[in-house]
Structure formats: structure tokens, C-alpha cells
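These are the residues of each chain, in order.
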Amino acid sequence: MASEIQLLQLSPTMSEGTIVKWHVKEGDKISAGDTIAEIETDKAVMEQEAFDDAVVLKLLAEEGSSVAVGANLLIVGEEGESADDVSASA
């Protein structure tokens, strides 16, 4: 089932992060532990990893954009699913 991946709080004082670099693109297969993006926090540039095996259905933010902690970064799901399936299941 398609679902969103949110920006994690990568440091105790972090309230937002900037996407420095995507390590995935739409259509990529990802596995748990894969780095999906480099995020600049208030302290350093850190990596955010995937927690599950999935296919990247849609990136929701561009490189260089600032994203609040807890905001959706991307939509993942199974092969053949659409990012629209998230809103349909909500």
C-alpha cells in the first residue's frame, strides 16, 4: 500500500531541514537502510534512510527546499501503485 515518508527529526533541536541531495528518483526500488536523501539540519548534513523495501512513487520536495520536521518528503509503495493511491486510502 502506498504511504508517505516524513522528514525525521535528525537532531534534538531540529525543526526543519533542507534537502541537499536526493539519492533516489521516482521509479527507483529502495530497500530498508538505503539512503534516500541528504538533509541539512541546524547542526550538520545528515542522511535519512528508508525503513522498508518499496518503490519511490513521487518526490514531494525539490533539492534546496526547506521542509518542516514531520512533513512528507516522498511517497513510496509497491510496483504498479500510483502516488494517488495514498489520498484514496486516507
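Structural notes, computed from the coordinates. (Residues numbered from 1 in each chain as written. Predicted model: local features only at pLDDT ≥ 70, side-chain atom pairs only at ≥ 80, totals over all residues. Heavy atoms only, no water.)

**What about the overall build of the protein?**
So, point 1. Secondary structure summary: the protein contains one helix and eight strands in total.
So, point 2. Along the protein, helices and strands appear, N-terminal first, in the series β-β-β-β-β-β-β-β-α.
So, point 3. Relative to a compact globule of 90 residues, whose C-alpha radius of gyration would be 12 Å, the protein shows 13 Å and is just as compact.
So, point 4. With respect to the principal axes defined by its C-alpha atoms, the protein has extents near 40 × 25 × 20 Å.
So, point 5. Pairs at least 24 residues apart make up 58% of the contacts formed inside the protein by residues separated by at least 6 positions.
So, point 6. Total accessible area on the protein is roughly 5200 Å²; 46% of this is exposed by carbon and sulfur atoms. (Helix = DSSP H or I, 4+ residues; strand = E, 2+ residues; numbered from the N terminus. Rg over C-alpha atoms; globule rule 2.2 N^0.38 Å. Contact = heavy atoms within 4.5 Å. Areas by Shrake-Rupley, 256 points an atom, 1.4 Å probe, with all protein chains shown as cover.)

**Some thoughts on the sheet that holds strand E8 (residues 72-77)**
So, point 1. Read across the sheet, four strands follow the order E1-E8-E6-E3 without closing on themselves; strand pairing throughout is antiparallel. Looking at the sheet topology across the chains shown, the edges are occupied by strand E1 (3-6) and strand E3 (29-30). (Pairing = 2+ DSSP bridges.)

**Focus: the pairing of strand E4 (residues 35-40)**
So, point 1. Here strand E2 (residues 16-22) pairs with E4 via four bridges, running antiparallel. Its bridge partner lying in E4, Lys21 is registered against Glu38.
So, point 2. Taking the residues that link successive antiparallel strands as the turn, the E4-strand E5 (residues 45-49) hairpin has four residues.

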